[in-house]
Every structure is written in structure tokens, then in C-alpha cells.
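Here are the chains, one letter per residue:
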Amino acid sequence: MSKPPSRSDRAKAAAAQRSVAFIEDGMKVGLGTGSTAALMVRALAERVRTEGLTLTCVATSTRTADQARGEGLKVVPLDEAGWLDLTIDGADEFDADLSLIKGGGGALLQEKIVAAASDRMIVITDASKEVKTLGAFPLPVEVIPFGWTATQHLIGENLEEADVLGTEISRRMAGSEPFRTDEGNFILDLALVRIGDARKLSLTLNQIPGVVENGLFLGLCDAVIIGHGDGRVETRDLHTGTVHEESVLFEETDNIFRDL
Ligand code: 5RP
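Here, residues in each chain are numbered from 1, in the same order as that chain's written sequence. pLDDT decides what is reported in this predicted model: residues at 70 or higher carry local features, side-chain atom pairs at 80 or more are listed and counted, and totals for whole chains, interfaces and linings draw on all residues regardless. For the side-chain quantities, the full set of heavy atoms in the structure was used; hydrogens and water were omitted.

A. A look at the site of the ligand. Around the ligand there are 17 residues in total, and Ser35, Thr36, Asp92, Gly103 and Lys129 lie nearest to it. Polar contacts here mean pairs of N or O atoms no more than 3.5 Å apart (in protein, one a potential hydrogen donor and the other a potential acceptor; neighbouring residues in sequence count only if both atoms are side-chain atoms). Measuring from an oxygen atom of the ligand, one finds a backbone N or O atom of glycine 106 at 3.4 Å. One nitrogen or oxygen atom from the main chain of alanine 107 is found 3.1 Å from an oxygen atom belonging to the ligand. The accessible surface values rely on the Shrake-Rupley method and a 1.4 Å probe; as for residues, cover is taken only from the protein chains in view. For the ligand, whose accessible area on its own is 380 Å², the fraction buried by protein is 91%. Note on residue categories: nonpolar means Ala, Val, Leu, Ile, Met, Phe, Trp, Tyr, Cys or Pro, charged means Asp, Glu, Lys or Arg, and polar means any other residue, Gly included. Among the residues making up the shell around the ligand, the classes are represented as 2 nonpolar, 9 polar and 6 charged. Any residue with a heavy atom positioned within 4 Å of a molecule or strand is treated as near that molecule or strand.

B. Focus on the pattern of salt bridges. Here, a salt bridge means any side-chain nitrogen of Lys or Arg that lies within 4 Å of a carboxyl oxygen of Asp or Glu. Counting across every chain of the model gives 13 salt bridges. Across the pair glutamate 46 and arginine 49 runs a salt bridge, and its minimum N-O distance is 3.1 Å. Taken together, the residues span about one helical turn, with glutamate 46 and arginine 49 both in helix 2 (residues 35-51) at a distance of 3 residues. Residue classification places glutamate 46 among the partly exposed residues on the basis of a relative accessible area of 31%. The exposure class of arginine 49 is partly exposed, given its relative accessible area of 46%. Among the salt bridges present, the one from arginine 232 reaches aspartate 230, with a minimum N-O distance of 2.9 Å. Starting at the N terminus, helices and strands are each numbered in turn, a helix being any DSSP run of H or I of at least four residues and a strand any DSSP run of E of at least two. For every residue, the accessible area (1.4 Å probe, protein chains only) is compared with the maximum for its type, and the residue is labelled buried under 20%, exposed over 50%, or partly exposed between those bounds.

C. Here's a closer look at the pairing of strand 16 (residues 243-247). Strand pairing requires that DSSP identify at least two bridges connecting the strands. For strand 15 (residues 232-237) and strand 16, the ladder comprises 5 bridges, and the chain directions are antiparallel. Residue pairing in the sheet places glutamate 234 in a bridge with glutamate 245 of strand 16. The loop that links strand 15 with its antiparallel partner strand 16 comprises 5 residues; one of these, glycine 241, has a positive phi angle of about 75°.

D. Representation of the nonpolar core in the model. Residues belong to one nonpolar core when they are buried, are Ala, Val, Leu, Ile, Met, Phe, Trp, Tyr or Cys, and are joined through side-chain atoms within 4.5 Å. Core analysis: the largest hydrophobic core is formed by 35 residues, its most contacted members being Ile23, Leu31, Met40, Leu44, Leu55 and Leu73. Looking at this core, the elements that each hand over two or more residues are helix 1 (7-19), strand 1 (28-31), helix 2, strand 2 (56-59), helix 3 (62-70), strand 3 (84-89), strand 6 (118-126) and strand 14 (223-227). Tallying contributions element by element places helix 2 first for this core, with 7 residues. For methionine 40, the residues in contact, after removing those within four places along its chain, are Ala16, Ser19, Val20, Leu31, Gly32, Ile88 and Ile124. In this structure, Leu188, Ala198, Leu205 and Leu218 belong to the second largest nonpolar core, which totals 22 residues. Residues are treated as being in contact if the distance between any of their heavy atoms lies within 4.5 Å.

E. Just the packing of helix 1 against helix 2, in detail. Contact pair helix 1 / helix 2: the axes reach a minimum separation of 8 Å and the direction vectors enclose 45°. Classed by the angle they form, the pair helix 1 and helix 2 counts as oblique. Like other packed secondary-structure pairs, helix 1 and helix 2 cross with a definite hand, here right-handed. Between helix 1 and helix 2, the residues in contact are Asp9, Lys12, Ala13, Ala16, Gln17 and Ser19 and Ser35, Thr36, Leu39, Met40 and Ala43, respectively. Partitioned by chemical class, the residues of the contact of helix 1 with helix 2 number 5 nonpolar, 4 polar and 2 charged. To get an axis, fit a line to the C-alpha atoms, keeping to the stretch in contact for a helix; angles then go from 0 to 180 degrees between the N-to-C directions. The labels follow the angle: roughly parallel below 35 degrees, roughly antiparallel above 145, roughly perpendicular from 65 to 115, and oblique for the rest. Crossing handedness is defined as follows: a turn of the near helix away from the far one that is anticlockwise and smaller than a right angle gives a left-handed crossing, while the clockwise case is right-handed.

Structure follows, in C-alpha cells:
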């Protein structure tokens, strides 16, 4: 039997539910990865079932692809879909400019490629992910396994010169084994505490041999939908500067909460 939804589950579900209202019939849609994105996939599948929408979806991980197909959504590779209308994804941190840290779920590479290949990216989140300055959440960096200790060393050297408060680096583990991304790479988590110049840091990291991509998403996100435990949702649009508030009402028995 599944447990009752927590306030955090409700907050994520409210943001997820609101976000799928931005999807229109015929759209090509990027599907993010993580617990909030999983709720969005469920809410989207419900709309497809009840409204008969025709959508083409591109997933940002095998996890999301499996879930979306299981829920009855049509999922194709990005190369088949071409350019996307909209990507909806979660985030680990966002600031006032809608700069993000992503990759807590280890899918940052596909997430960044898919977001960059979309007209619009909407982030869905609960209020706890909002920060004044990025960096409290360890920054995930995807690296090639070959020579990863040399890559880690070079990242460390570069961090000494960077505008950050912390320099600790740890390789992400999955139990006793190193975590592997969908591409078979490792993730190094950088405990930076505070990132002073995210753009410079992103460029610096991506110039190091062995680094595939980092979890800073800069200039990619267009709007954020922030859910609250009582069902309130706030939608902030970066381009129009508008903020909308409304409520999404759920029953504990709603389909979106099944098997949480
Ligand atoms: C996966 C991600 C996720 O979007 C991020 O970690 C947020 O996850 P959740 O919705 O479970 O809090 O970047 O790589």
C-alpha cells in the first residue's frame, strides 16, 4: 500500500500538474528526470488519456523513457523529433535569473541537450529549491571514466582560482559501486558552497579534458513553477516578468500520488 503524500509530494505534484497545462495538442515535448518530473509525466499521460492529445515526447533519461512509455506516451529519440516546443524538468537549485543547478538525479547531460534543443524550458519545483546564490547544492559534473582521477585533479586546481567558497570533490556512488550515467560516465559532485560567477565556472569546467558537461543551466530556463504543500502554485515568467498565483486541489487518492 502506498504512503499518504507528504507536503513535499503535494508541492511537487501541484507544480507538475500546473505545468502540463502549458502543453498543447501536436507539441513536441521534452520530459525531464527526477521525482517532480515523474509526477509531471503522470499528469501529462492523464491529459493525453482524457483529452486525446497527440504528442511526441523526448525523454532525458532511460528512467523517464521507461516511465513515459509505461504510461502510454509516445517517446522518440531527440534526433527523430528534431526541435522541441517545450521541455519541463525539475531542478536542484534556481535563483532569481532562473539559473539552475541540475544533475542530482545524474541525468544532466541529456537534460541539458534536450533543454537546449527546445523553444522553451519550464522548471517545476517546490519552494525549497530557491536560493539567492547557487552553490549550496553540490554541483554535479559528468566526467569520462578514463583518467577520471586526473580530471578530478584538474578540476580541483581550477577551483582554487575560481570564485567559490568550497573545493571538496567526491565521486558519486551507487552503493559500493561508482554511479554511472546513461552514457556510462561518472559524476563528480563539487561542494562549492557558493558560486560567485557561474558563467565563468561553467566555461572553465567544460574546458577541462575529461569533463563532458556540468550541471549549471544558464540562460536555458524561461519560467519556473513553484509548488507549495497547500496546493498553491506560483508561475514566474522570466521574459514577461509576470508572476501568477493559483491553487491546484488534490485528493490523497488522486492518481498522481499512486505508488509514491
Ligand atoms: C536530475 C535532475 C532533477 O531534475 C533534479 O535532481 C530534481 O529532482 P527532484 O525533482 O527529484 O527533486 O536534475 O538529473
